[in-house]
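# Observations on the model geometry
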Amino acid sequence: MTGTITNKGHKLLQIGGMPDHVHVFVSMSPKQSPSELVADVKRSSSLWVNENRFVMGKFSWQEGFGAFSYGKSQISNICNYIATQEQHHKKRTFQEEYLEFLKLFEIEYDERYIFKPIE
């Protein structure tokens, strides 16, 4: 993921997550849209996971993603938030947290398209 992000001309600020999701904090180059970058990251990481057989069966990402923008003054807080994911998810699930983000950023959404838990 890091290689794909930097090779596309973006600056990776922080990356981390949990078994069911990943947070990637990027200073975006204007040469590529967020949706194009996410598609490239999903494509290359899926290929890498499957070529190295890190999971049984075939690995693939769920469709969709969330993207939020932050100001320069928030960089250290966001990096810390991403680095401490395990602590956050002891208090609330990713699904609960994601819905809070959507409400905080006043993003309308359809429940049918919200992250589905791993079964």
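Figured I'd write up the structure that's included with this text. (Residues numbered from 1 in each chain as written. Predicted model: local features only at pLDDT ≥ 70, side-chain atom pairs only at ≥ 80, totals over all residues. Heavy atoms only, no water.)

### Notes on the nonpolar core
When a protein is soluble and globular, its nonpolar side chains tend to lie buried together. Within the largest apolar cluster, six residues are counted, these being Phe25, Ile78, Cys79, Tyr81, Ile82 and Phe101. It is helix α3 (residues 75-83) that contributes the most residues to this core, four residues altogether. When residues no more than four places from it in sequence are discounted, the contact partners of Ile82 are Gln14, Ile15, Gly16, His23 and Phe25. In this structure, Phe94, Tyr98, Ile114 and Phe115 belong to the second largest nonpolar core, which totals five residues. (Core = buried A, V, L, I, M, F, W, Y, C linked by side-chain atoms within 4.5 Å. Buried < 20%, exposed > 50% of the residue type's maximum accessible area, 1.4 Å probe, protein only. Helix = DSSP H or I, 4+ residues; strand = E, 2+ residues; numbered from the N terminus. Contact = heavy atoms within 4.5 Å.)

### Quick notes on the side chain of Ser29
Relative to the helices and strands, Ser29 resides in the loop between β2 (21-27) and α2 (34-51). Ser29 sits in the buried class, given a relative accessible area of 12%. Residues contacting Ser29, with those up to four places away along its chain left out, are Gly9 and His10.

### Considering the pairing of strand β1 (residues 11-18)
Along any regular strand the residues' side chains alternate between the sheet's two faces. Judged from the seven bridges that link them, β1 and β2 form a sheet pairing that is antiparallel. Looking at β2, one finds that Lys11 is bridged to Ser27. Between β1 and β2, which pair antiparallel and follow one another directly, the connecting turn spans two residues. (Pairing = 2+ DSSP bridges.)

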